[in-house]
Amino acid sequence: MCTKRGALIIFEGLDRIGKTTQSKLLSNYLSEECGILCERLAFPDRSTQIGSLIDNYLQRKIEFNDHTIHLLFSANRWECMDSMREKLLQGYTLIVDRYAYSGVAFSQAKGLDKKWCQSCDIGLIKPDLVLYFNRGIQSNCLSYTGDERYETKQFQEKVESQFEQFRSSSHQWKDINVINSDNTNMRDKESIQNEIRLYVKESLEKIKSNNIEELWK
Ligand code: FDM
């Protein structure tokens, strides 16, 4: 029997911008209402040995220099590639919270070289769709009071300007504006979810073969 492969759908954007809520809503919708095979994952995947090092680093329990932690984030993606490829070929659509774009944006915000940052992730599975949660650069709707590393307003703003570079670089990249047009409040969850579903539907329809492409090649 010939099964059409699933899609790789990435949710990207700053911390606390609603990616997790929306990716869960999408995953439930696809599996429960559309009967589509679907799994949700997140990077970093903190359940592996590498993921546990990353978790400790994010909680400030251990230190790595910036290049080393970048390589660990990338290795954490690579260690999942075989199972992700297998799932996609079995027909599962994978909904993934963060991917290599976060890897590059967060490390570049610390001052690392873009080409070097990207090089570690060349050859990962190329996404069919990247949904970038965008708040408009001027908005103050998000607050950062978390304890983890990177959860400060100043650092998030640096990351945000690094994410901008990807916006026009790929036709799989779609902006999801999470702030109302008056720039003061978050848009309601349902309208964001409806917009996401349209992009996802379009993307699923575009998959015509089982071919899986490689990122940044
Ligand atoms: N992060 C995430 C990185 O710095 N590089 C990466 O490659 C990835 C995937 O880790 F602040 C950062 C982004 C975020 C932190 O992510 C933990 P979650 O989504 O809050 O678990």
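Before reading further, recall that the structure is shown in the block above.
Residues numbered from 1 in each chain as written. Predicted model: local features only at pLDDT ≥ 70, side-chain atom pairs only at ≥ 80, totals over all residues. Heavy atoms only, no water.

Trainee: Describe the site of the ligand, listing the residues and the values that go with them.
Mentor: Taken together, Asp15, Phe43, Pro44, Arg46, Leu58, Phe73, Arg77, Arg98, Ser102, Gly103, Phe106 and Tyr150 form the complete shell of residues around the ligand. In this structure, an oxygen atom belonging to the ligand sits 2.9 Å away from a side-chain N or O atom of Arg46. One nitrogen or oxygen atom from the side chain of Arg98 is found 2.8 Å from an oxygen atom belonging to the ligand. Protein coverage of the free-state accessible area of the ligand, which is 480 Å², stands at 88%. Applying the majority rule of atoms within 2 Å of the grid points places the ligand in the largest pocket. Broken down by secondary-structure element, the contributors of at least two residues to the shell around the ligand are α3 (66-78) and α5 (100-109). If one sorts the elements of the shell around the ligand by residue count, α5 sits on top with three residues. (Near = heavy atom within 4 Å. Polar contact = N/O pair within 3.5 Å; in protein donor to acceptor, adjacent residues only side chain to side chain. Areas by Shrake-Rupley, 256 points an atom, 1.4 Å probe, with all protein chains shown as cover. 1 Å grid on protein atoms, 1.4 Å probe; cavity = no way out; pocket = protein on both sides within 12 Å on 5 of 7 lines; lining within 4 Å. Sits in = over half its atoms within 2 Å of the grid points. Helix = DSSP H or I, 4+ residues; strand = E, 2+ residues; numbered from the N terminus.)

Trainee: A description of the environment of Phe73 should follow, citing residues and the corresponding values.
Mentor: Mapped onto the elements, Phe73 comes out in helix α3. Along the backbone, Phe73 and Arg16 are 57 residues apart, and their C-alpha atoms lie at a distance of 19 Å.

Trainee: I'd like a description of the packing of aromatic side chains, backed by residues and values.
Mentor: Aromatic ring pairs are defined here through the distance separating the ring centres and the angle between the ring planes. Summed over the entire model, instances satisfying the criterion amount to 14 aromatic pairs. When the ring of Tyr132 is compared with that of Trp173, the centres are 5.3 Å apart and the planes differ by 25°; the resulting orientation is stacked. Of this pair, Tyr132 sits in strand β4 (residues 129-134) while Trp173 sits in strand β5 (residues 173-177), placing them 41 residues apart in sequence. Like Trp173, Tyr132 is buried. Consider the rings of Tyr150 and Phe155, whose centres lie 5.1 Å apart with planes at 20°: the pair is stacked. One aromatic cluster is present, formed by Tyr101, Tyr132, Phe163, Phe166, Trp173 and Trp216 through successive ring pairs. Over the ring of Tyr92 we find Lys87; its NZ or CZ atom is 4.3 Å from the centre of that ring. Just above the ring of Tyr29 sits the side chain of Arg197; from NZ or CZ to the centre is 3.7 Å. (Phe/Tyr/Trp six-rings, centres within 6.5 Å; stacked < 30°, edge-to-face > 60°. Buried < 20%, exposed > 50% of the residue type's maximum accessible area, 1.4 Å probe, protein only. Lys NZ or Arg CZ within 6 Å of the ring centre and 35° of its normal.)

Trainee: Lay out the layout of surface pockets in plain terms, naming residues and giving numbers.
Mentor: By volume, the largest pocket amounts to about 480 Å³. Forming the walls of the largest pocket are 28 residues, and the residues nearest its centre are Asp15, Phe43, Pro44, Arg46 and Arg98. Those elements that provide at least two residues to the lining of the largest pocket are α1 (19-33), β2 (38-42), α3 and α5. In terms of residue class, the lining of the largest pocket is built from ten nonpolar, six polar and twelve charged. There is about 380 Å³ of room inside the second largest pocket. In terms of lining, the second largest pocket is formed by 21 residues, of which the most central are Arg5, Pro127, Asp128, Gln172 and Lys206. (Points joined across faces, edges and corners; volume = space filled by probe spheres on them. Nonpolar A, V, L, I, M, F, W, Y, C, P; charged D, E, K, R; others polar.)

Trainee: Please provide a residue-by-residue account of the side chain of Glu12, values included.
Mentor: Within the element layout of this structure, Glu12 appears in strand β1 (residues 8-13). Buried charged residue Glu12 carries no salt bridge. Nearest counter-charge: Arg98, at 4.2 Å. Within the local environment of Glu12, its side chain forms a polar contact with the side chain of Ser102, the two groups lying 2.6 Å apart. If near-sequence neighbours (up to four positions away) are discounted, Glu12 is found in contact with Lys19, Arg98, Tyr99, Ala100, Tyr101, Ser102, Val130, Leu131, Tyr132, Phe133 and Phe163. (Lys, Arg positive; Asp, Glu negative; His and termini not counted. Salt bridge = Lys/Arg side-chain N within 4 Å of Asp/Glu carboxyl O. Contact = heavy atoms within 4.5 Å.)

Trainee: So what's going on with α1? Which residues, and what values?
Mentor: Compared with the 21 Å implied by 1.5 Å per residue over 15 residues, the 20 Å span of α1 between its first and last C-alpha is a close match. Within two residues after α1, Gly35 carries a phi angle of roughly 65°, on the positive side. (Expected span 1.5 Å × (residues − 1).)

Trainee: An account of the packing of α5 against helix α7 (residues 153-167) is requested, with residue identities and associated values reported.
Mentor: Two elements in contact, α5 and α7, have axes whose closest approach is 8 Å; the angle formed by their N-to-C orientations is 130°. With respect to α7, the element α5 is oriented oblique. Judged by the twist between their axes, the crossing of α5 over α7 is right-handed. Together, Tyr101, Ser102, Val104, Ala105, Phe106, Gln108 and Ala109 of α5 and Phe155, Gln156, Lys158, Val159, Gln162, Phe163, Gln165 and Phe166 of α7 make up the contact between the two elements. Of the residues contributing to the contact of α5 with α7, the split by class is nine nonpolar, five polar and one charged. (Axes fitted to C-alpha atoms, helices over the stretch in contact; angles between N-to-C directions. Parallel < 35°, antiparallel > 145°, perpendicular 65-115°, else oblique. Left-handed = near helix turned anticlockwise from the far one by under 90°.)

Remember, this is a structural readout, not a statement about activity or role.
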